[in-house]
Each structure stands twice: as structure tokens, then as C-alpha cells.
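Structure at a glance
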Amino acid sequence: MTPSHFARLLYLISMLTDFSGFVVVFAVSRGLAEAGAEPWYLGVAGAGLSLTVSVSSILSGLLANRFDSRAIFVLGAVTIGASAALCGLGDSSTSWFLPRYWLLGAGLGFVYPPLIAWLNRGTRTDGDGRDVSRRVILFCVAWNTGMMAGQLTAGSLFEFGPKLTFLVAFAVAAVNALLVGIAARALPVVHEDSQAEVSTPAGNLSAERATRFKRLSWIANLGGMFGGSLVIHLLPDLAVSIGIEADRHGSLLACWRAVIIATYLLMHLTNFWHFLFRVSSVSQALGALGLIVISLADSAATCLVGLALLGQLVGFNYFSGLFYSTMGSPQPNRALAAGLHEGTLAAGMACGTILGGVLGSLFDQRLPYQLAAVLLFLLLALQSAICWRWRRNGD
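Residues numbered from 1 in each chain as written. Predicted model: local features only at pLDDT ≥ 70, side-chain atom pairs only at ≥ 80, totals over all residues. Heavy atoms only, no water.

1. Describing the overall build of the protein chain
Along its length, the protein chain carries 12 helices and 0 strands. When the elements of the protein chain are put in sequence order from the N terminus, they spell out α-α-α-α-α-α-α-α-α-α-α-α. Relative to the 2.2 N^0.38 estimate, which gives 21 Å for 395 residues, the radius of gyration of the protein chain is 20 Å and therefore close to what a compact globule would have. Projected onto its principal axes, the C-alpha positions of the protein chain cover 60 × 50 × 30 Å. Nonlocal contacts in the protein chain, meaning residues at least 24 apart in sequence, comprise 86% of its contacts between residues at least 6 apart. Averaging the locations of the 24 positively and 20 negatively charged side chains of the protein chain gives two centres separated by 9 Å. (Helix = DSSP H or I, 4+ residues; strand = E, 2+ residues; numbered from the N terminus. Rg over C-alpha atoms; globule rule 2.2 N^0.38 Å. Contact = heavy atoms within 4.5 Å. Lys, Arg positive; Asp, Glu negative; His and termini not counted. Charge placed at Lys NZ, Arg CZ, Asp CG, Glu CD.)

2. Describing the environment of V28
The topology assignment puts V28 in helix α1 (residues 3-34). With 352 residues separating them along the chain, V28 and L380 place their C-alpha atoms 33 Å apart.

3. As for the packing of aromatic side chains
This model, assessed by the stated rule, comprises 17 aromatic pairs. Look at F213 and Y324: their rings are 5.3 Å apart centre to centre, the planes differ by 40°, and that puts the pair in the tilted class. Pair noted here: F213 is in helix α7 (residues 205-241) and Y324 is in helix α10 (residues 300-327), with a separation of 111 residues, a long-range link. Arranged with centres 5.8 Å apart and planes meeting at 75°, the rings of W273 and F319 form a pair that is edge-to-face. Within this pair, whereas W273 is found in the loop between α8 (246-269) and α9 (277-296), its partner F319 is found in helix α10, the two being separated by 46 residues in sequence. The same class applies to W273 and to F319, which are both buried. Taken together, the aromatic side chains of W143, F213, Y264, W273, F275, F316, Y318, F319, F323, Y324 and W390 make up a single cluster linked through ring pairs. The lysine or arginine in question, R212, covers the ring of W390, its NZ or CZ lying 5.7 Å from the ring centre. (Phe/Tyr/Trp six-rings, centres within 6.5 Å; stacked < 30°, edge-to-face > 60°. Buried < 20%, exposed > 50% of the residue type's maximum accessible area, 1.4 Å probe, protein only. Lys NZ or Arg CZ within 6 Å of the ring centre and 35° of its normal.)

4. Here's the deal with the confidence of the model for the protein chain
Here the protein chain averages 85 in pLDDT, and 91% of its residues register 70 or above. Within the model, pLDDT remains below 50 along residues 189-203, and this stretch shows 29 contacts once partners closer than five positions in the same chain are excluded. (pLDDT = per-residue confidence, 0-100.)

5. Looking at the nonpolar core
Soluble, globular proteins show a tendency: their nonpolar side chains are buried together. Membership of the largest hydrophobic core comes to 108 residues, with the highest contact counts inside it found for Y101 and F139. The greatest single-element share of this core, amounting to 16 residues, is contributed by α1. Residues in contact with Y101, not counting those within four places in the same chain, are V24, V25, V28, A45, L49, S83, C87 and H233. (Core = buried A, V, L, I, M, F, W, Y, C linked by side-chain atoms within 4.5 Å.)

6. Focus: the side chain of R257
Looking at the secondary structure, you find R257 in helix α8. Comment: no salt bridge for buried R257; closest opposite-charge side chain is D18, at 6.9 Å. Residues within four places of R257 in sequence aside, it is in contact with W143, N144, M147, M148 and Q151. (Salt bridge = Lys/Arg side-chain N within 4 Å of Asp/Glu carboxyl O.)

7. Quick word on a nonpolar patch on the surface
A grouping of W40, I354, L355, V358, L362, F363 and L371 is seen on the molecular surface, where their side chains present a nonpolar patch of about 650 Å² in accessible area. No other element matches helix α11 (residues 334-362), which puts 4 residues into the nonpolar patch. As for its position among the elements, L355 is in helix α11. (Patch = residues over 30% accessible without salt bridge, like charges linked within 9 Å, V, L, I, M, F, W, Y side chains within 5 Å. Areas by Shrake-Rupley, 256 points an atom, 1.4 Å probe, with all protein chains shown as cover.)

8. Points about the side chain of S217
Within the element layout of this structure, S217 appears in helix α7. Residue S217 is classed as buried on the basis of its relative accessible area of 6%. Of the polar contacts made by the side chain of S217, one reaches the backbone oxygen of K214; its length is 2.5 Å. (Polar contact = N/O pair within 3.5 Å; in protein donor to acceptor, adjacent residues only side chain to side chain.)

9. Quick look at unusual backbone geometry
Trans peptide bonds make up most of the peptide bonds, and negative phi angles are found at most residues other than glycine. Its identity is not glycine, yet F275 carries a phi of approximately 60°, on the positive side. The exposure class assigned to F275 is buried, which follows from its relative accessible area of 12%.

10. So, the packing of α9 against α10
Here α9 crosses α10 at 150°, and the two axes come no closer than 7 Å. Looking at the two axes, α9 sits roughly antiparallel to α10. Pair α9 / α10 crosses with left-handed handedness. Only T302, C303, V305, G306, L307, L309, L310, Q312, L313 and F316 of α10 make contact with α9, whose side of the interface consists of V279, S280, S283, Q284, L286, G287, L289, G290, L291, V293 and I294. Its residues assigned to classes, the contact of α9 with α10 comprises 13 nonpolar, 8 polar and no charged. (Axes fitted to C-alpha atoms, helices over the stretch in contact; angles between N-to-C directions. Parallel < 35°, antiparallel > 145°, perpendicular 65-115°, else oblique. Left-handed = near helix turned anticlockwise from the far one by under 90°. Nonpolar A, V, L, I, M, F, W, Y, C, P; charged D, E, K, R; others polar.)

11. Here's the deal with the environment of G36
Positionally, G36 belongs in the loop between α1 and α2 (39-64). What makes G36 exposed here is its relative accessible area of 53%.

12. As for the environment of E34
Tracing the backbone shows E34 in helix α1. When near neighbours in sequence (up to four residues on either side) are disregarded, E34 contacts F158, V240 and A246. Side-chain polar atoms of E34 contact the side chain of R30, separated by 2.8 Å.

13. Overview of the packing of α10 against α11
Look at α10 against α11: their axes get within 9 Å of each other, and the N-to-C directions meet at 155°. Overall, the two elements α10 and α11 adopt an arrangement that is roughly antiparallel. For α10 against α11, the interelement crossing comes out right-handed. Contacts between α10 and α11 pair N317, Y318, G321, L322, S325 and T326 from the former with R334, A337, H341, E342 and L345 from the latter. Classifying every residue of the contact of α10 with α11 gives 4 nonpolar, 5 polar and 2 charged.

Written as C-alpha cells, this is what we have:
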């Protein structure tokens with residue numbers, strides 16, 4: 001298999017992974033909301049999934065940096081299918097249902113760090129970063145297309161019952177696991193030499209700057225996905241309360257994802273945002289405004305406006321974080337850098353869903369979105385302080 005064919009296979013795997021994964025996420029979260037689950041329970045369900053993604057992503061990055069990551073990759077794909085099957089066979093009212101759902105997070109966390117590292121093998125990190133950007137945009141469009149299609153499909157299928165929805169997720173996951181097996185066999189050696197150089201190449205100014213900005217992106221990831229997690233795991237509760245039907249709910253999530261993809265494309269086609277913190281600051285401020293709009297929404301149209309404002313932030317954080325993580329990491333450390341990138345995103349999701357769920361139950365279902373907006377501004381202030389210290393030290 002040629003390198004270009006191998007890359008296309010990995011992009012297809014990215015799309016199918018998120019398709020099957022988010023069919024399960026939609027079916028579980030919407031099913032719990034329609035069954036009358038309290039916001040705190042939705043928060044626990046989402047937080048457990050996100051925490052599992054966070055831990056398994058970092059663990060996957062560490063293991064991929066030391067061992068043959070093909071086994072990790074295959075295990076992740078099989079685990080996703082197992083979670084879909086177990087959720088479809090289980091009863092959401094039982095205490096053992098959530099661990100079956102959280103198993104999905106382990107699968108997602110094991111799949112992506114080695115996949116991202118393989119996609120970025122041999123990329124040039126000097127110059128304007130166009131080589132890195134090209135690979136990042138194709139990956140981002142692939143998995144977001146899968147997620148968007150999964151949410152639309154789940155929204156359409158759910159009216160026929162969750163069992164059918166889980167069955168479709170399992171079928172796609174099974175096909176994906178087969179493709180993962182083919183990909184794993186196509187690359188003889190996929191782990192990196194742990195003795196290879198791990199420092200930033202001397203004289204590579206772009207890589208040195210990217211190393212600093214990737215650390216800022218980890219902070220931004222926490223705030224952005226704190227808010228994004230509310231959309232994924234708690235918006236079903238708000239949607240049900242204001243009378244948004246399941247198919248319309250799926251369409252809203254698809255539109256949100258379309259805004260995220262459009263943001264990726266804009267960032268790939270331009271470079272005005274490279275190493276400029278003020279651009280990130282504006283994006284984070286608009287994301288906070290979007291969360292406030294969602295907290296005040298009383299219709300699908302108002303929700304869409306808030307989701308669009310928040311979507312551009314989710315897109316900016318993900319693309320810039322992956323760009324800086326690749327630019328600022330030598331080849332041997334890229335699986336670990338990808339794991340930390342995915343791990344901080346998932347950690348923000350875990351915090352958002354658990355705190356949002358508890359606050360939604362104790363006070364009001366709209367309060368979590370307002371809290372997320374406040375947190376975004378606080379983390380933005382922290383990033384500003386770090387940038388000010390860099391300038392003061394002449395970095």
C-alpha cells in the first residue's frame with residue numbers, strides 16, 4: 001500500500017470512527033433525556049465518557065511512544081463496536097448501563113493518538129507550516145464529517161427506537177474495525193524510536209514558537225470543550241424542555257458541526273492567526289457570547305445562533321491546537337503530543353458535563369452555559385498573563 005493510499009485509509013477510518021461513536025452518544029444522551037433523567041445524571045454519563053477519553057488518550061500516546069501502536073489502534077476500534085453492541089443490548093435504567101457507554105471513550109482514546117501520529121509522519125515543521133496544515137485539515141474534515149453524519153443519522157433513526165440506532169452504530173463500527181485491521185497490517189513498523197531526538201530542532205524558529213503556543217492551546221482546550229461538552233451531553237435536556245424534536249435537534253448539531261468545519265477550512269486557507277494570541281482571544285470571547293445566547297434560547301433559531309458562535313471557537317481551538325502540537329513536536333513525540341491534545345479536550349468535557357449536570361439539577365438547566373462563559377473569560381485571563389510574561393522575558 002502506497003503512503004497516499006494509506007493516508008486515505010486513515011482518513012476514512014477517522015470518519016467512520018466518529019460516525020459510529022456519535023450515533024451512540026446521541027442515542028444515549030437523547031434517550032436518557034426523553035426518559036426524564038435529571039441533568040446531574042446526564043452530566044455523570046457525559047463526564048464518565050469524557051474522562052475515559054482523556055485518560056485513554058494520554059495512555060495511548062505514552063504507549064504508542066514506547067511500543068508497537070498497532071495493537072492499541074486495533075483494540076480501540078474493537079472497543080467502540082463492543083460499546084455500541086452492549087448499549088444496544090442493555091437497559092438504560094440499570095446501574096451497569098453507564099460503564100457500557102463509557103467503554104466507548106476508551107475506544108476513541110486508543111484510536112486517535114496513533115492515527116494522528118501516523119498521518120503526520122514526515123511532515124515539515126519549518127517554514128509557514130503548510131505541510132502540517134494540509135494534513136491537519138484533511139483529518140479534521142474527515143472526523144467532523146463522520147460526526148455530523150452520525151448525528152444526522154441518529155436524529156432520523158431515533159424516532160424508530162434506540163435499538164435500531166445502536167444497531168447501525170455497531171454495523172459501522174464493525175466495518176471500521178475491519179479497515180483498522182487492514183491499516184495495521186499495511187504499516188510494518190508504526191512505533192517510534194524512543195531513543196530518537198526529542199528536542200525541538202535547533203534554529204527552527206517556527207517549531208520553537210509552536211512549542212509555546214501548544215501549551216496555551218491546552219489551556220484554551222479546557223475552556224472551549226467545557227462549553228462544547230454541554231452541547232453534546234446536556235443540550236438534549238434543554239432541547240426537550242423548549243420543545244425541539246429529535247430530528248431538529250440532530251439538525252442543530254449538524255449545523256454546529258458545519259460551522260466547525262468551515263472554521264477549519266478558513267484556518268487552513270489563511271495564516272493570519274499563526275502565533276497571534278489576539279486572534280485566539282477574539283475567538284474565545286465570541287465563544288463565551290455564544291454560550292450566553294444558548295443559555296437564553298427559547299427556540300431552535302436562537303439556539304442555532306449560540307451554537308454557531310460557540311462552534312467557531314471549538315473549531316479554532318482544535319485546529320490550532322493540533323497544528324501547534326505537530327509543529328512543536330519532533331516525530332518521536334507526536335503520538336504523545338496528540339494524546340495530550342486530545343486528553344486536555346476530553347478533560348474540559350469531563351469537567352463541563354459533571355459540573356453542568358449538577359448545577360442544572362440544583363439550580364437551573366441554563367446556568368451551566370453561563371458558568372462556561374465565565375470560565376472561558378477566566379482562562380483567557382490566565383493565557384493573557386502567560387503571554388505577558390513571555391514578552392517581559394523577551395521570549
